[in-house]
Amino acid sequence: EPEVTQTPSHQVTQMGQEVILRCVPISNHLYFYWYRQILGQKVEFLVSFYNNEISEKSEIFDDQFSVERPDGSNFTLKIRSTKLEDSAMYFCASRGTGGYGNEQFFGPGTRLTVL
Amino acid sequence: AQSVTQPDIHITVSEGASLELRCNYSYGATPYLFWYVQSPGQGLQLLLKYFSGDTLVQGIKGFEAEFKRSQSSFNLRKPSVHWSDAAEYFCAVVSSGGYNKLIFGAGTRLAVHP
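Residues numbered from 1 in each chain as written. Chains lettered and ligands numbered in written order. Predicted model: local features only at pLDDT ≥ 70, side-chain atom pairs only at ≥ 80, totals over all residues. Heavy atoms only, no water.

A. Geometry of empty space enclosed by the protein. All told, the structure shown has one cavity of 30 Å³ or more when counted by the stated rule. Every residue along the wall of the largest cavity is listed here: Val 37, Ser 39, Leu 47, Lys 61, Phe 63, Ser 84, Asp 85 and Tyr 89 of chain B. (1 Å grid on protein atoms, 1.4 Å probe; cavity = no way out; pocket = protein on both sides within 12 Å on 5 of 7 lines; lining within 4 Å. Points joined across faces, edges and corners; volume = space filled by probe spheres on them.)

Structure, rendered in structure tokens:
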């Protein structure tokens with residue numbers, strides 16, 4: 001069964017460093033998302049990506065964040081200069097065509113720890 | 001603005017007992033509602049979804065949920081819980097407009113006693 005994969009499963013970094021979180025969505029999907037979950041809090045939407053551009057982003061997704069689909073299979077989230085408050089679980093999701101009700105498939109997440 | 005409330009942060013049930021996890025939503029039109037489950041170290045797996053039609057929807061692993069518009073609720077139920085159901089459960093609604101982003105509740109952590 002096709003699945004979304006994410007690497008690494010756990011990333012530890014120093015404050016101010018750049019990190020890149022990687023995701024491989026399901027191959028025939030067209031819509032891609034990043035969500036994050038700070039420990040003990042709810043899952044929050046960060047950004048959606050369609051047709052090689054950002055389609056929607058949340059207030060969290062400021063200039064320190066960027067997304068890219070560099071090669072038609074990977075989907076990356078970059079944080080340019082990490083802050084302590086960026087420590088969270090980051091989930092990638094993808095969706096095929098169809099309307100609002102079409103399911104988003106989630107990856108297992110990357111736990112980012114900023115020291 | 002759309003929102004989802006899961007009033008129970010933590011629920012403990014005995015194996016074999018019935019289960020109901022509560023979810024209330026705030027949404028102007030007919031909502032698209034989902035329940036996801038997250039086992040430790042795993043991603044979010046879809047249990048079931050509601051778009052329209054029959055208000056009682058069946059999902060995987062023996063779960064069902066009932067949409068009640070008058071109560072703005074979409075509660076998840078299971079008649080007999082198994083130890084493997086211990087996990088965190090998230091209710092979510094699709095945001096109107098935009099590109100289908102999900103708005104999640106805070107989650108309910110389910111513990112199952114043997």
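Now, onward.
B. View of the sheet that holds strand E3 (residues 19-24) of chain A. Residues and elements named next belong to chain A. A sheet is described by the order of its strands in space; here four strands give the open sequence E1-E3-E8-E7, paired in antiparallel fashion. If you trace the sheet from one side to the other, it starts and ends with strand E1 (5-7) and strand E7 (65-68), each paired once. Taking each pair of neighbouring strands and ignoring which way they run, the sheet shows an average axis angle of 20 degrees. Pairing between E7 and strand E8 (residues 75-79): four bridges, direction antiparallel. Looking across to E8, one finds that Phe 65 is bridged to Ile 79. (Pairing = 2+ DSSP bridges. Helix = DSSP H or I, 4+ residues; strand = E, 2+ residues; numbered from the N terminus. Axes fitted to C-alpha atoms, helices over the stretch in contact; angles between N-to-C directions.)

C. Expanded view of the packing of aromatic side chains. Scanning all chains against the criterion turns up 20 aromatic pairs over all chains. Ring centres of Tyr 35 of chain A and Phe 104 of chain B lie 5.8 Å apart, and the angle between their planes is 90 degrees; on these two criteria the pair is classed as edge-to-face. Here Tyr 35 of chain A, found in strand E4 (residues 31-37), pairs with Phe 104 of chain B, found in strand E11 (residues 102-104), and the two come from separate chains. Residue Tyr 35 of chain A is classed as buried on the basis of its relative accessible area, which comes to 0%. (Phe/Tyr/Trp six-rings, centres within 6.5 Å; stacked < 30°, edge-to-face > 60°. Buried < 20%, exposed > 50% of the residue type's maximum accessible area, 1.4 Å probe, protein only.)

D. How the structure looks around the layout of surface pockets. The volume enclosed by the largest pocket comes to roughly 480 Å³. Contributing to the lining of the largest pocket are 20 residues, with Glu 1, Glu 3 and Phe 106 of chain A together with Leu 44 and Gln 45 of chain B lying nearest its centre. The greatest single-element share of the lining of the largest pocket, amounting to three residues, is contributed by strand E6 (residues 44-50) of chain B. Residues belonging to the lining of the largest pocket are distributed by class as follows: nine nonpolar, seven polar and four charged. Volume-wise, the second largest pocket comes out at about 390 Å³. In terms of lining, the second largest pocket is formed by 17 residues, of which the most central are Gln 37 and Leu 39 of chain A together with Gln 38, Glu 88 and Arg 109 of chain B. Broken down by class, the residue content of the lining of the second largest pocket amounts to six nonpolar, eight polar and three charged. (Nonpolar A, V, L, I, M, F, W, Y, C, P; charged D, E, K, R; others polar.)

E. A look at the interface of chain B and chain A. Tallying the contact residues gives 25 residues for chain B and 22 residues for chain A. Buried area between chain B and chain A, summed over both chains or domains, comes out near 1900 Å², and the portion from carbon and sulfur atoms is 57%. At the surface where chain B touches chain A, the tally comes to one salt bridge. Between Lys 101 of chain B and Glu 56 of chain A there is a salt bridge whose closest N-O contact spans 3.0 Å. (Contact = heavy atoms within 4.5 Å. Buried area = accessible area lost by both parts, 1.4 Å probe. Salt bridge = Lys/Arg side-chain N within 4 Å of Asp/Glu carboxyl O.)

F. Structural view of the side chain of Thr 108 of chain B. Residues and elements named next belong to chain B. By the element assignment, Thr 108 lies in strand E12 (residues 108-113). On the basis of relative accessibility, which here comes to 1%, the residue Thr 108 falls in the buried class. Among the polar contacts made by the side chain of Thr 108, one reaches the side chain of Gln 6 at a distance of 3.5 Å. Here Asp 8 takes part through its backbone oxygen, which lies 2.5 Å from a polar atom of the side chain of Thr 108. Those residues in contact with Thr 108, other than ones at most four positions away along the chain, are Gln 6, Asp 8, Ile 9, Ile 11, Leu 21, Ala 87, Glu 88 and Tyr 89. (Polar contact = N/O pair within 3.5 Å; in protein donor to acceptor, adjacent residues only side chain to side chain.)

G. Representation of the state of the cysteines within the structure. Summed over all chains, the structure comprises two disulfides over all chains. In this model, Cys 23 of chain A is linked to Cys 92 of chain A through a disulfide, with the two sulfur atoms separated by 1.9 Å. What sets the handedness of the Cys 23 of chain A and Cys 92 of chain A disulfide is the S-S torsion sign, and at about -60 degrees it is left-handed. Here Cys 23 of chain A, found in strand E3, pairs with Cys 92 of chain A, found in strand E9 (residues 88-95); they are 69 residues apart in sequence, far enough to count as distant. Looking at Cys 23 of chain A, the relative accessible area reads 0%, which means it is buried. Across the disulfide from Cys 23 of chain B sits Cys 91 of chain B; the S-S distance is 2.0 Å. Its S-S torsion of about -65 degrees marks the bond between Cys 23 of chain B and Cys 91 of chain B as left-handed, since a negative value means left-handed. On the criterion of sequence distance, the pair formed by Cys 23 of chain B in the loop between strand E3 (19-21) and strand E4 (24-26) and Cys 91 of chain B in strand E10 (residues 87-94) is long-range, its members being 68 residues apart. For Cys 23 of chain B, a relative accessible area of 0% translates into the label buried. (Disulfide = S-S within 2.5 Å.)

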